[in-house]
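What follows is the residue order along each chain.
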Amino acid sequence: MKRVLPQIKPGLIAIVIFCSQLVFAQSADTLLYPEETHFRNIQQLTFGGDNAEAYWSYDGKRVVFQRTSIKDGVPCDQIFMGQLPQNGEPFRYKMVSPGKGRTTCAFFTSDNTHIIYASTHLGADTCPPPVDRAKWGNRYIWPLYDSYDIFIADTSGKNTRRLTNTPGYDAEATLSPDGKQMVFTSVRDGDLDLYVLNLASGKTKRITTALGYDGGAWFSPDGKQLVWRASRPKTPEEIKEYKELLKQGLVAPTKMEVFLANADGSNAKQITFLGQANWAPNFMPDGRIIFCSNHEYQRGFPFNMYTINTDGINLQKVSRDKGFDAFPMFSPDGKRILFASNRNNGGTRETNLFVADWVEGN
C-alpha cells in the first residue's frame, strides 16, 4: 500500500508502504557507512524492485519477504522466500503467495514448514486501488484495505487456509517464539487494535483498547512482552480527524511512538517520546528495542534505525543511510541482523534487503 509524501524537494523522492513502509531517497552508493560500527560483513541480498519486511525462519536458514517489481511482472507486493546464501553467493528466491491481489507481512511458523501472511486476493485478483491523495491535500495517508485477511500456507505456497474472517482490515501478523500465538492488527471492534490469536484453539483476545492506531507488534524472545507502534490522538481536532479517516478505511500515521506491554496487554507503556514517526520496533537478543525513526529530520526523512532500553533511556543511532533503513530482525542465534534499505541503489527508488553480522560494544 504505497504512500507518497507531499512537498518533497526536487531530486528527492520518498514513498512509504503501510506495513512495508518504504521510504526512498537518493543517497551515495555504499553498503556500509563509516559510523555503522555495529555492522560487519554486510551483504546485499536483492538487487532491484521494492523489497521489505524480510524475516528469518525459526531455524535461521531462510528468509521470507514481500516484493514489488513492475519490470518482473509483480505490480504490487507479493510474498517471496529464499534460502539465505553464504556471503558472496547470490540470493535465490521464489514467489510463495497466490500472485493475486496485494500481500503483506509474512512470517514463518515455528516448524519452518509454513508461512502466514495477509492478502487481499479474496477481494479481487487485481491490486487494490491506491488512495486518491488529492482529496486530502496530497497528505501522507495509508489505506486500510478491508479485503485484507490473514492466511497460512505451506512453504511451497500451497494448501492455503484462512485464519481471519471478520469484516475489514486484518494484517500485520507475527508469531510468538513458541509459534503458538499470533499477534495482529484488526478493525473488527471499530478501531485499529492489537489482537492475539491462539492458533490451536482459534480463540482471539483483544490486547489494546486506547483510541488510535496500534500495529506492527512483536513478541519478546521469552514471549512475555509485546512491542509495537501506536498513534494516540489527543486533541478534539486530532480525534475527529482520526475517526473520519478510519470510517473511510484510511489512517494518517505521521505521529507514532513505540509502546511496550505484557503479552496479555497489561502494563502498557509508551517508551519513546521523540515525535514524528517511530515505528518498526523489534526486540534485540539482549532485551533492548531496535526501531526505525525520522525524529531527527523535520522534513520527514531519512528514516534510520535506533536502539533504546525498555525503560526509554540510552537512545543510540545504529544506521546512517540518507534515505531509509528499517524492518530490523535479528537471527535466532542473535548474531546477525536483517533489514531493508535504500543504500547502494544507484540513486533510484529501489529498496533492497541486507544482512550483516552484528557487533556489540561499538
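Scroll up for the structure.
Reading the values: the criteria
- Sequence order as written defines the numbering, with residues in each chain counted from 1.
- Residue-level local features of this predicted model are given only where pLDDT is at least 70; pairs of side-chain atoms are given and counted only at 80 or more, and the full residue set underlies all totals for whole chains, interfaces and linings.
- Remark: hydrogens and water are excluded; side-chain values derive from all non-hydrogen atoms of the structure.
- Residues belong to one nonpolar core when they are buried, are Ala, Val, Leu, Ile, Met, Phe, Trp, Tyr or Cys, and are joined through side-chain atoms within 4.5 Å.
- For the exposure calls, accessible area comes from a 1.4 Å probe over protein chains only, and a residue counts as buried if that area is under 20% of its type's maximum, exposed if over 50%, partly exposed in between.
- Stacked, tilted and edge-to-face are the three classes assigned to paired rings of Phe, Tyr and Trp, where Trp is represented by its six-membered ring and a pair needs centres within 6.5 Å; plane angles under 30 degrees give stacked, over 60 edge-to-face, the rest tilted.
- By the criteria applied, helices consist of DSSP H or I runs no shorter than four residues and strands consist of E runs no shorter than two, each listed in order from the N terminus.
- For two strands to be treated as a pair, DSSP must find no fewer than two bridges joining them.
- To estimate the expected span of a helix, count its residues, drop one, and scale the result by 1.5 Å.
- To obtain the arc, one takes the directions from the helix axis to the C-beta atoms.
- Between two residues, a contact is recorded if the distance between any of their heavy atoms is within 4.5 Å.
- Put simply, the grid is 1 Å and covers the protein atoms alone, a cavity is a trapped set of points that fit a 1.4 Å probe, a pocket is an open set with protein on both sides within 12 Å along at least five of seven lines, and lining residues have an atom within 4 Å of a point.
- Grid points are joined across faces, edges and corners, and a volume is the space filled by probe spheres set on the points.
- Counting rule for disulfides: a pair of cysteine sulfur atoms within 2.5 Å.

Q: Before we move on, could you go through the nonpolar core and cite the residues and values that matter?
A: Of all hydrophobic cores here, the largest spans 61 residues; its most connected members are I116, M182, L192, W279, I289 and F327. F39, I290, M305 and F330 belong to the second-largest nonpolar core, a separate cluster that totals 12 residues.

Q: Give me the packing of aromatic side chains: which residues, what numbers.
A: The tally for this structure, following the rule as stated, stands at 25 aromatic pairs. Residues F107 and W218 carry aromatic rings whose centres are separated by 5.4 Å and whose planes lie at 70° to one another, so their mutual orientation is edge-to-face. Of this pair, F107 sits in strand β8 (residues 103–108) while W218 sits in strand β17 (residues 214–219); the two residues are 111 residues apart in sequence, bridging distant segments of the chain. In terms of burial, F107 and W218 fall into one category: buried. Ring centres of F330 and W358 lie 5.0 Å apart, and the angle between their planes is 80°; this geometry places the pair in the edge-to-face category. Of this pair, F330 sits in strand β26 (residues 325–330) while W358 sits in strand β28 (residues 352–358), and the two are 28 residues apart along the sequence. Judged by its relative accessible area of 7%, F330 is buried.

Q: Describe in detail the sheet that holds strand β21 (residues 269–270), supporting the description with residues and values.
A: The sheet built from four strands is open, its strands ordered β17-β18-β20-β21 with antiparallel pairing. Looking at the sheet topology across the chains shown, the edges are occupied by β17 and β21.

Q: Describe helix α1 (residues 236–247), naming the residues involved and giving the relevant values.
A: Between its terminal C-alpha atoms α1 stretches 17 Å, which fits the 16 Å expected from 12 residues at 1.5 Å a residue. Taken as a whole, α1 has its buried residues at Y242, L245 and L246. Along the axis of α1, the buried residues cluster in a sector spanning 100°; they form a single face. Exposed residues pointing more than 90 degrees away from the buried face of α1 are listed as P236, E237, K240 and K247. Where α1 is buried, its residues meet β19 (250–251).

Q: Can you tell me about the layout of surface pockets, naming the residues and giving the values?
A: Reported here for the largest pocket is a volume of approximately 430 Å³. Along its surface, the largest pocket is lined by 20 residues, and P177, P221, M329, F330 and P332 are the ones closest to its centre. Mapped onto the lining of the largest pocket, the elements with two or more residues apiece are β17, β22 (278–283) and β26.

Q: If you had to explain the state of the cysteines to someone new, which residues and values would you point to?
A: The full count for this structure, using the stated rule, is one disulfide. Two residues share a disulfide in this structure: C76 and C127, whose sulfurs sit 2.1 Å from each other. For the disulfide bridge between C76 and C127, the dihedral angle about the S-S bond is near -95°, and by the sign convention the bridge is left-handed. Of the two residues, C76 is situated in strand β6 (residues 74–83) and C127 in the loop between β9 (114–119) and β10 (142–143); the sequence distance between them amounts to 51 residues. On the basis of relative accessibility, which here comes to 1%, the residue C76 falls in the buried class.

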